[in-house]
Amino acid sequence: MSRQEEIRAELFEHTLNGHAPEVKALTEEALTLGMDPMDILFKALIPSLEEVGRRFEKGDFFVPEMLIAARAMQGALVILRPLIAETGAKPVGRYVIGTVKGDIHDIGKNLCVIMLEGAGFEVFDLGVNTPPEKFVEAVQKHEPDVVGFSAFLTTTMPMFKANIEALTKAGLRDKVHIAVGGAPVTVEYAKHVGADSYAPDASMATRMAKQLVGDRSESSQGAQALEQAVMKIDETLRKG
């Protein structure tokens, strides 16, 4: 086995187990050896993310395990993202996300951000305690495919409707898909406030976003490669 093959295998295992320092060191070593950033992403990191999602949906992994694995992958993405951008690879889609006004919980949102980026999306994270006007401004500026609202408290869930009304008033409602999620949120509540979709967790949010933009991705080599990788994730999750 060559050192490059060893690095791919080690990246897979260390990402799966959430060993961030090892993932970062292996990514840097891989680049020093001249490995292609896309190779690192598609042959090691994304397959590991795929396994994380599969184990989560089967009940073998829970949010803590998923979070540390995603954070480990994020360390590699920070290094790889600018290098991949230089190759001309385009994102599969754009996603604006934030925790709603009055709510400062961000673990679920942050996990979504990492998994969406790992799946090839360009993500604009607005942080926590995000007022409606900030969502409006972000949608106007970035023209995303999806805008995601996160709420952890029942007292902040009504901000979903306020955000949607603000987007409607700005003439943007029909130009973006609205997704909602958070611990107390249900599919019934999502329908009640007028959202387009509801995701109970980061794994599902990523799959739903990919399905939404699948027919609209740029037909560049980079986008096609990203699509193929994420389609593989979807297929494996369905089989799991």
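Bear in mind that the values here come from a model prediction, so they are computed numbers and not experimental data. (Residues numbered from 1 in each chain as written. Predicted model: local features only at pLDDT ≥ 70, side-chain atom pairs only at ≥ 80, totals over all residues. Heavy atoms only, no water.)

The next thing to look at is the pattern of salt bridges. Scanning all chains against the criterion turns up twelve salt bridges. With a shortest N-O distance of 3.1 Å, Arg-3 and Glu-6 are connected by a salt bridge. Of this pair, Arg-3 and Glu-6 both sit in helix H1 (residues 3-16), separated by three residues, roughly a single helical turn. On the basis of relative accessible area, Arg-3 is assigned to the partly exposed category, the value being 30%. In this structure, the salt-bridge partner of Lys-24 is Glu-28, at a minimum N-O distance of 2.7 Å. Linking Lys-24 with Glu-28, this pair stays in helix H2 (residues 20-32), spanning four residues, or about one helical turn. A relative accessible area of 36% places Glu-28 in the partly exposed class. (Salt bridge = Lys/Arg side-chain N within 4 Å of Asp/Glu carboxyl O. Helix = DSSP H or I, 4+ residues; strand = E, 2+ residues; numbered from the N terminus. Buried < 20%, exposed > 50% of the residue type's maximum accessible area, 1.4 Å probe, protein only.)

Turning to empty space enclosed by the protein, a few remarks are in order. Over the atoms, a rolling probe the size of a water molecule traces out where space has been left empty. Under the criterion given, the structure shown has two cavities of 30 Å³ or more. As a volume, the second largest cavity reaches approximately 30 Å³. What lines the second largest cavity is Thr-15, Leu-49, Val-52, Met-66, Ala-69, Ala-70, Met-73 and Met-115. For the lining of the second largest cavity, the secondary-structure elements that each account for two or more residues are helix H3 (37-58) and helix H4 (63-86). Looking at the lining of the second largest cavity element by element, the count peaks at four residues for H4. In terms of residue class, the lining of the second largest cavity is built from seven nonpolar, one polar and no charged. (1 Å grid on protein atoms, 1.4 Å probe; cavity = no way out; pocket = protein on both sides within 12 Å on 5 of 7 lines; lining within 4 Å. Points joined across faces, edges and corners; volume = space filled by probe spheres on them. Nonpolar A, V, L, I, M, F, W, Y, C, P; charged D, E, K, R; others polar.)

Read from one edge of the open sheet, five strands run S2-S1-S3-S4-S5, paired in parallel fashion. Edge positions in the sheet fall to strand S2 (121-125) and strand S5 (197-198), since each of these pairs with one other strand and no more. Summarising the sheet, strand S1 (residues 93-99) and strand S3 (residues 146-150) pair through five bridges and their orientation is parallel. Of the residues in S3, the one forming a bridge with Ile-97 is Gly-148. Packing against the sheet, helix H7 (residues 159-169) makes contact with S3 and strand S4 (177-181), and its axis sits at approximately 150° to S3. (Pairing = 2+ DSSP bridges. Contact = heavy atoms within 4.5 Å. Axes fitted to C-alpha atoms, helices over the stretch in contact; angles between N-to-C directions.)

Attention now moves to the packing of H3 against helix H9 (residues 202-213). Describing two packed helices takes the angle between their axes plus the distance from one axis to the other. H9 packs onto H3 with a crossing angle of 120° between their chain directions and a minimal axis gap of 10 Å. Between H3 and H9, the interaxial angle falls into the category oblique. As for the relative orientation of H3 and H9, their crossing is left-handed in sense. On H9, the residues touching Gly-53, Phe-56 and Glu-57 of H3 are Ser-203, Met-204 and Arg-207. Tallied by class, the residues present in the contact of H3 with H9 amount to two nonpolar, two polar and two charged. (Parallel < 35°, antiparallel > 145°, perpendicular 65-115°, else oblique. Left-handed = near helix turned anticlockwise from the far one by under 90°.)

Attention shifts here to H9. With twelve residues, H9 extends 17 Å from end C-alpha to end C-alpha; this agrees with the ideal 16 Å at 1.5 Å per step. If you check which residues of H9 are buried, you get Ala-202, Ser-203, Ala-205, Thr-206, Arg-207, Ala-209, Lys-210 and Val-213. N-cap assignment for H9: the residue whose side-chain oxygen lies 3.1 Å from the backbone N of Ser-203 is Asp-201. (Expected span 1.5 Å × (residues − 1). Polar contact = N/O pair within 3.5 Å; in protein donor to acceptor, adjacent residues only side chain to side chain.)

Purely spatial values, then, with no claim about function.
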